[in-house]
Amino acid sequence: MATFLYRLGRFSFRRRHIVAFIWVALLTLAGVGAASAPTPGTTSFSIPGTEAQKAFDLLEERFPGMSADGATARVVFKAPAGEKMTDAGNKATVQKTVRELADGSEVAAVADPYQARSVSRDGTTAYAQVTYKVSGMELKDTTKDALEGAAEAARNTGLTVEIGGDALQAVPHTGSSEIIGIAVAAVVLVITFGSLLAAGLPLLTAIIGVGIGVATITALASPLDLGSTTSTLATMIGLAVGIDYALFILSRYRAELAEGRDREEAAGRAVGTAGSAVVFAGLTVVIALVGLSVVNIPMLTKMGIAAAGTVAIAVLIALTMIPALLGYAGRKVRPAGEKSKLLGGGRAAKKADRPNMGTRWASFVVRRPVAVLLLGVVGLGAAAVPATSLELGLPDDGSQPASTTQRRAYDLLSEGFGPGFNGPLMVVVDGKGSEDPKALFGDVAGEIKSLDNVVTVTPPAPNKAGDTATITVIPGAKPSSATTEDLVHAIRDTGADLTAGQDGQVLVTGATAMNIDVSQKLNDALLPYLALVVGLAFLLLIVVFRSILVPLKAALGFLLSVLAALGAVVAVFQWGWLSGLMGVEETGPVMSMMPIFMVGVVFGLAMDYEVFLVTRMREAYVHGEKPGQAVVTGFKYGARVVTAAAVIMMAVFAGFIGSSESMVKMIGFGLAIAVFFDAFVVRMAIVPAVLALLGKAAWWLPKWLDRALPNVDVEGEGLRTASDRDGRKDPDEDRELVRV
């Protein structure tokens, strides 16, 4: 591995024009594809295998004109103080609005509040249900403008009018904080390298990589049915790992220059050593992201694969584009410790009389490993405590900011009709195999009325064939409550009892039931996914480190990081701690996909720092240093750059906290705090403490397994031979090689 990458690095350095041309051509090609791609249509949200999805599919078959998966809008009217919606003037305004709403090519149906009996008991509130033929993301701007225009016209008469539902669903934006994250990364790079040019190289390559990845996603969005969140996630992860991977190779290049090697040789060695760590770190991230497909939620699978593709591009760019750019930069990228003319007058930094901060910290940990280990574990355990009260759910209009019309409509419906009106359940009764479908419909409706937490049950509405009917059930509690979830299960149990022994079936669907099914599906998939991802990465790390205990320690440390990060997410987004600072206007359940998503992404990123830091330690160990000294040496050369990489990654992720979409905001915060816990507590404190306690046992590997495993040479032992063949003097050539 190291020898191949060494040759790749030298080739890219020498043939920099070819390498640069290839990457610029790929960026141009992806950009042209994105610019000429058709506007993406609907983003389907199917959940194979769930009862709610089966019901939707049945509705498509038995009620072909119903548009079960079409967008909906609830136009809510509230009368001024002292008036009622049944007053003649207000009634005329509502009916005029209904006629205006029905006049649209994408409108499937509009329910008049007075005919549908959707006027509150006190007469102060009414709502008109608008159903569209297409989904919210497919609706034309003219249709949305007509909806808002009709509401505004009614509002001008003195009524309070708000619009709920997904018809006004907006494309999320991340805001200026994303730019701030990149700016912070630039500052950290300048401080790390002491050079503006050296700091700009990782940013440039990361932007090129993300540009290719996101442009490709945009070009394929329509044929592959990719949503807007897919490109946001790819940008988030691609920027973070792209900067980090380039940072590690560039840092090793400067260290090789400081050892006296010429620039081409230094580029080859940097790619051969640090590049090996980049390859394996990238593989762990790709495994974690592609592994999301085991959940069998198409949207999540596409997000993971797209982000994994962007990570793969980041690895390839770091291995080829960085050495090519170093060839262009020439002497402007200086050896480690030497300042640029702008920042340090071009003079070499004076040798410090005492070891650097990484060395001093590692020496402290090696002397007091038990105290550091206990402090780190107890601290992360305390941060993880809120995770014990984790509540999962999917966001609805009730989690929207109070300034939005969707949230105001949600509140008006809750006040006028009860909280359950915001999450109606649709019961689909399939009586095709029943001897008396009509009787079955009536029995199901009657049994549902007798259940707890049921406010309203509409009469069964059969299709033209009379073999299938829909029943709308209004719960007494809000959609995200445990009470409503219990009601969904109770209806399903009742339906199963009624159809026992016959071919009929009773299915519960609707947005609320779909959210419940998705949450259950994600919970059921968490442990298998965790076992798959951690198991594959564990095997990969055994090959990298040629050890059993080091990969085991890495996996356990990751579990501490992710639990602490989930605890922080619960504290902010569920409990409301620091919610104002994070821009969280409404607290509520944590999104159902957050735990499994964090497990995947955080594991991949955690292994980045594990590989980058511990490979330096193993490199020192196999070169003859004692275990404790190898830990210190690893920190001497790796702590500064790992710290910079972690700060950069945190800054990039934190930039997405400014997103208008709650899912992106929560992911950005969760990943940023997880990187903090993993890099600064687990990798910087717990890892060296555990390695110091284990001593030589940390690098133990059964002899039979040692013979069976391929020697990937992450430490770069083969590079000495390669450099000799090229006639370059290696300062370490007289040292005895330690066989890996």
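Numbers given to residues run from 1 along each chain, matching the order in which its sequence is written. Where local features are concerned, this predicted model is filtered to residues with pLDDT of at least 70; where side-chain atom pairs are given and counted, the filter is 80 or more; whole-chain, interface and lining totals use all residues. Heavy atoms from the whole structure form the basis of all side-chain values; hydrogens and water molecules are not counted.

Trainee: Provide a residue-level description of the overall build of the protein chain, including the pertinent values.
Mentor: Assigned secondary structure in the protein chain consists of 24 helices and eleven strands. Expressed as a percentage of its 740 residues, the buried residues of the protein chain come to 55%. The contact criterion used throughout is that any non-hydrogen atoms of two residues lie within 4.5 Å. Taking all contacts inside the protein chain whose residues are at least 6 apart in sequence as the whole, residues at least 24 apart take part in 78%. Approximately 31000 Å² of the protein chain is accessible, and the part contributed by carbon and sulfur atoms is 59%. Counting from the N terminus, the helices are DSSP H or I runs at least four residues long and the strands are E runs at least two residues long. For each residue, the accessible area found with a 1.4 Å probe, counting protein chains only, is set against the maximum for its type, and the residue is called buried under 20%, exposed over 50%, and partly exposed in between. Surface accessibility follows the Shrake-Rupley procedure with a 1.4 Å probe radius. Residue values consider only the protein chains on display as shielding.

Trainee: Can you lay out the environment of Leu283 for me, pointing to particular residues and giving the numbers?
Mentor: Looking at the secondary structure, you find Leu283 in helix α9 (residues 263-290). Of the residues examined, Leu283 reaches a relative accessible area of 36% and is grouped as partly exposed. Through-space distance from the C-alpha of Leu283 to that of Met607 is 9.6 Å; in sequence the pair is 324 residues apart.

Trainee: Which residues make up helix α12 (residues 357-367), and what values do they have?
Mentor: Buried residues of α12: Gly358, Thr359, Ala362 and Val365, and no others. The buried residues of α12 occupy an angular sector of 130 degrees when the element is viewed end-on, so they sit on one face. Summarising the geometry of α12, the exposed residues directed more than 90 degrees from the buried face are Met357 and Arg367. Buried residues belonging to α12 abut α13 (369-384), α21 (627-654) and α22 (662-694). Taken from the helix axis, the directions to the C-beta atoms give the arc we talk about.

Trainee: Go over the packing of aromatic side chains, please, and point to the residues and values.
Mentor: Stacked, edge-to-face and tilted labels apply to pairs of Phe, Tyr and Trp rings (six-membered ring for Trp) whose centres lie within 6.5 Å, assigned for plane angles under 30 degrees, over 60, and everything in between, in that order. Following the criterion strictly, the structure yields nine aromatic pairs and no others. The interplanar angle of 40 degrees and the centroid separation of 4.9 Å between the aromatic rings of Phe417 and Phe421 together place this pair among those described as tilted. Here Phe417 matches Phe421 in class, with each residue buried. Grouped by ring-pair contacts, the aromatic residues Tyr127, Phe417 and Phe421 constitute a single cluster. Between the NZ or CZ atom of Arg16 and the centre of the ring of Phe13, over which it lies, the distance is 5.6 Å. Cation over ring: Lys91 sits above Tyr114, and NZ or CZ is 5.1 Å from the ring centre. We call a charge positioned over a ring when the NZ of a Lys or the CZ of an Arg lies within 6 Å of the ring centre and within 35 degrees of the ring normal.

Trainee: So what's going on with unusual backbone geometry? Residues and values would help.
Mentor: At Arg117, a residue that is not glycine, the phi angle is positive and equals roughly 60 degrees. Taking the relative accessible area as the measure of exposure, Arg117 reaches 77% and is therefore exposed. Phi is positive for Arg546, which is not a glycine, with a value near 50 degrees. What makes Arg546 buried here is its relative accessible area of 5%.

Trainee: Can you explain the packing of helix α7 (residues 196-224) against helix α10 (residues 298-329)? Please cite residues and give values.
Mentor: When two helices pack together, their arrangement is given by the angle between the helix axes and the distance between those axes. Think of each axis as a best-fit line through the C-alpha atoms, taken over the contacting stretch in the case of a helix, with angles from 0 to 180 degrees between the N-to-C directions. In contact at an axis separation of 8 Å, α7 and α10 are set at 145 degrees when each is read in the N-to-C sense. The two elements α7 and α10 meet at a crossing, and its hand is right-handed. Listed contacts from α10 to Leu197, Leu201, Leu204, Thr205, Ile208, Gly209, Val210, Ile212, Gly213, Ile217 and Leu224 of α7 are Lys302, Ala306, Thr310, Ile313, Ile317, Met321, Ile322, Leu325, Leu326 and Ala329. Side-chain classes are defined by residue name, with Ala, Val, Leu, Ile, Met, Phe, Trp, Tyr, Cys and Pro counting as nonpolar, Asp, Glu, Lys and Arg as charged, and the others, Gly among them, as polar. For the contact of α7 with α10, the class distribution of residues is 16 nonpolar, four polar and one charged. Left-handed is the label given to a crossing in which the near helix is rotated counterclockwise from the far helix by less than a right angle, and right-handed is the label when the rotation is clockwise.

Trainee: Which residues make up the pairing of strand β9 (residues 468-475), and what values do they have?
Mentor: Within β9, seven of the eight residues are buried, which leaves the element mostly enclosed by the surrounding structure. Relative to β9, strand β6 (residues 425-430) is paired through six bridges, and the arrangement is antiparallel. Counterpart to Val428 in the pairing with β9 is Thr470. Of the strand pairs in this sheet, strand β7 (residues 454-457) and β9 are connected by three bridges, and their pairing is antiparallel. Counterpart to Thr456 in the pairing with β9 is Ile474. At least two bridges found by DSSP between two strands is the condition for calling them paired. Here strand β8 (residues 461-462) runs beside β9; their pairing, made up of two bridges, is antiparallel. The partner of Pro462 across the bridge, within β9, is Ala469.

Purely spatial values, then, with no claim about function.
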